[in-house]
Amino acid sequence: SQLGSSPTALGWVSDAPEAASAEVDWMASRDRCRNCFERQRQAAMSLTSTSQRSTSSTAEAHAGPALGEEEEVPEYRVRVDGFEIARRGRHVVFTLMISRGNASWPIRRRFRQVMKLHEQLLEGLGRSAMKSGLPMPPPKVTFRSLLHGQHDDGFLRARAAQLQTYFEALLRYIPYVDQCEALREFLCSVDVSNMSYDALLDLGQALGRAGPEAPPVDPAAIAALPKRQPGEASPSLQRCLCCVICQEKLEDTEDIRVLPCGHEYHYECIAQWIPQNNTCCVCACLAVAVPVAEAEEK
């Protein structure tokens, strides 16, 4: 606004010679600002034109990368599908659909797991990452949650929308997920309970784990997995606090099974997991040994 009116019009100078000098200085300053703005505008237009040409060249080369060029890595995408209050009503689980290329898979995460991911990213990237664009996750508490509680439907809907915005910004900041261990582990620890066989194959290809079809596992072998006794710790690990499949706490009163690797699960959860993927969800070790004769026959 100061550049829009001359000094004499604003009444800054009363003496005529001084007013003329100020008028000249003001006009020179205004011209410099206009020239600077014009240079910035032209630079922005040039950058846009270059970007459009680059996009056009990419479309023309869609048939495949040129010799010596790396093929573009499919980007990850996250969609927040909804939320539900856990069966005991103590916490809320958000359902996320992760996509990469032609594959997509669901994961279930609590809000505190999102906060833990953010802390891990800060530890790896440094606190200065916040200044360079690392997004901040949604707030833990809002005015509505204080009034109506953490399980209020309106609060949870707002949090789901905020999580969607957060993950979109996060994947723009870290586009190469496979190079970030914490983010890849968060997105690729898969809930396969509702996935079809074709979806599982696509997932294996997307994560680089696809191979020949594994031999089936006898349900009796799953039922024979050892139970965790109350007060007994895992053979090689500290006691697990929650089942990574359903994200529920492991209670001593429940039927908890221990895999050979030492990781623990609810029986009803691991009994659904092993027929689809005979490996531990945490460490990918073999969950149930299949007799050699059956494997060769398969």
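Model, not experiment: these values are computed from the prediction.

### Regarding the overall build of the protein chain
In step 1: Along the backbone of the protein chain there are 10 helices and five strands.
In step 2: A total of 298 residues make up the protein chain; the buried ones form 34% of that total.
In step 3: Long-range contacts, defined as pairs at least 24 residues apart, comprise 52% of the intrachain contacts of the protein chain with a sequence gap of at least 6.
In step 4: Here the protein chain has roughly 18,900 Å² of accessible surface; of this, 53% comes from carbon and sulfur atoms.

### Concerning helix α3 (residues 111-125)
In step 1: With 15 residues, α3 should reach 21 Å at 1.5 Å per residue; the first-to-last C-alpha distance of 21 Å fits that figure.
In step 2: All of the buried residues in α3 are F111, V114, M115, L117, H118, L121 and L122. All buried residues of α3 project into a common sector of 155° when viewed along the axis, lining one side. Exposed residues pointing more than 90 degrees away from the buried face of α3 are listed as R112, K116, E123 and G124.
In step 3: Buried-residue contacts for α3 involve β2 (92-100), β3 (103-110), α5 (153-173) and α6 (181-188).

### Considerations on the packing of α3 against α5
In step 1: Orientation of α3 relative to α5, taken along the N-to-C sense of each, is 25°, at an axis distance of 12 Å. In terms of axis orientation, α3 runs roughly parallel to α5. For the crossing formed where α3 meets α5, the hand is left-handed. Taken together, the residues of α5 that come into contact with α3 (itself represented by F111, V114, L117, H118, L121 and L125) are R159, L163, Y166, F167, L170 and Y173.
In step 2: Its residues assigned to classes, the contact of α3 with α5 comprises 10 nonpolar, one polar and one charged.

Rules used in this analysis
- Residues numbered from 1 in each chain as written.
- Predicted model: local features only at pLDDT ≥ 70, side-chain atom pairs only at ≥ 80, totals over all residues.
- Heavy atoms only, no water.
- Helix = DSSP H or I, 4+ residues; strand = E, 2+ residues; numbered from the N terminus.
- Buried < 20%, exposed > 50% of the residue type's maximum accessible area, 1.4 Å probe, protein only.
- Contact = heavy atoms within 4.5 Å.
- Areas by Shrake-Rupley, 256 points an atom, 1.4 Å probe, with all protein chains shown as cover.
- Expected span 1.5 Å × (residues − 1).
- Arc of directions from axis to C-beta.
- Axes fitted to C-alpha atoms, helices over the stretch in contact; angles between N-to-C directions.
- Parallel < 35°, antiparallel > 145°, perpendicular 65-115°, else oblique.
- Left-handed = near helix turned anticlockwise from the far one by under 90°.
- Nonpolar A, V, L, I, M, F, W, Y, C, P; charged D, E, K, R; others polar.

Note that every value here comes from positions in space, so none of it alone points to a role or purpose.
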